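Read off the chains here:
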Amino acid sequence: MARLAIIADYDAGKTAHPALPQALERARQATGANLDWEWIGTDRVFRPAETLAGFAGIWVAPGSPYKNMD
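Residues numbered from 1 in each chain as written. Predicted model: local features only at pLDDT ≥ 70, side-chain atom pairs only at ≥ 80, totals over all residues. Heavy atoms only, no water.

(A) View of the packing of aromatic side chains. Taken as a whole and judged by the stated rule, the model has 1 aromatic pair. On the basis of an interplanar angle of 75° and a centroid distance of 4.9 Å, the ring pair of tyrosine 10 and tryptophan 39 is categorised as edge-to-face. Of this pair, tyrosine 10 sits in the loop between β1 (2-7) and α1 (16-31) while tryptophan 39 sits in strand β2 (residues 35-40), and the two are 29 residues apart along the sequence. Residue tyrosine 10 is classed as partly exposed on the basis of its relative accessible area of 43%. The positively charged end of arginine 3 is found above the aromatic ring belonging to phenylalanine 55, 4.1 Å away from the centroid. (Phe/Tyr/Trp six-rings, centres within 6.5 Å; stacked < 30°, edge-to-face > 60°. Helix = DSSP H or I, 4+ residues; strand = E, 2+ residues; numbered from the N terminus. Buried < 20%, exposed > 50% of the residue type's maximum accessible area, 1.4 Å probe, protein only. Lys NZ or Arg CZ within 6 Å of the ring centre and 35° of its normal.)

(B) Summary view of the sheet that holds β1. Taken together, the 3 strands give an open sheet; going across it, the order is β2-β1-β3, and neighbouring strands pair in parallel fashion. Of all the strands in the sheet, just β2 and β3 (57-60) have a single pairing partner and so form its edges. With strand direction ignored, the average angle separating the axes of adjacent strands in the sheet is 25°. Pairing of β1 with β2 involves 6 bridges; the strand directions are parallel. (Pairing = 2+ DSSP bridges. Axes fitted to C-alpha atoms, helices over the stretch in contact; angles between N-to-C directions.)

(C) Region of interest: the nonpolar core. Counting residues in hydrophobic clusters, the biggest one holds 8 residues: Leu4, Ile6, Ala8, Leu20, Leu24, Leu35, Trp37 and Ala61. When residues of this core are traced back to their parent elements, those giving at least two are β1, α1 and β2. When neighbours within four sequence positions are excluded, leucine 35 is seen to be in contact with Met1, Ala2, Leu4, Leu24 and Arg28. By size, the runner-up hydrophobic cluster in this structure holds 6 residues, among which are Ala5, Ile40, Val45 and Leu52. (Core = buried A, V, L, I, M, F, W, Y, C linked by side-chain atoms within 4.5 Å. Contact = heavy atoms within 4.5 Å.)

The structure is reproduced here in structure tokens:
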């Protein structure tokens, strides 16, 4: 299974945030891809190599200001 990290401070009030999982689910169903994703808050990414190990891809979602701009 491929895992995708979505980096953002999730906020249901931001249009893109609730739409991303819906779009990924539709893409997974349409293609049959073996894909899973996880939201990673920017405040959790202090050691990117450790935090993001095991993910096949990284998507930095819109929605700044982020808790951790680094």
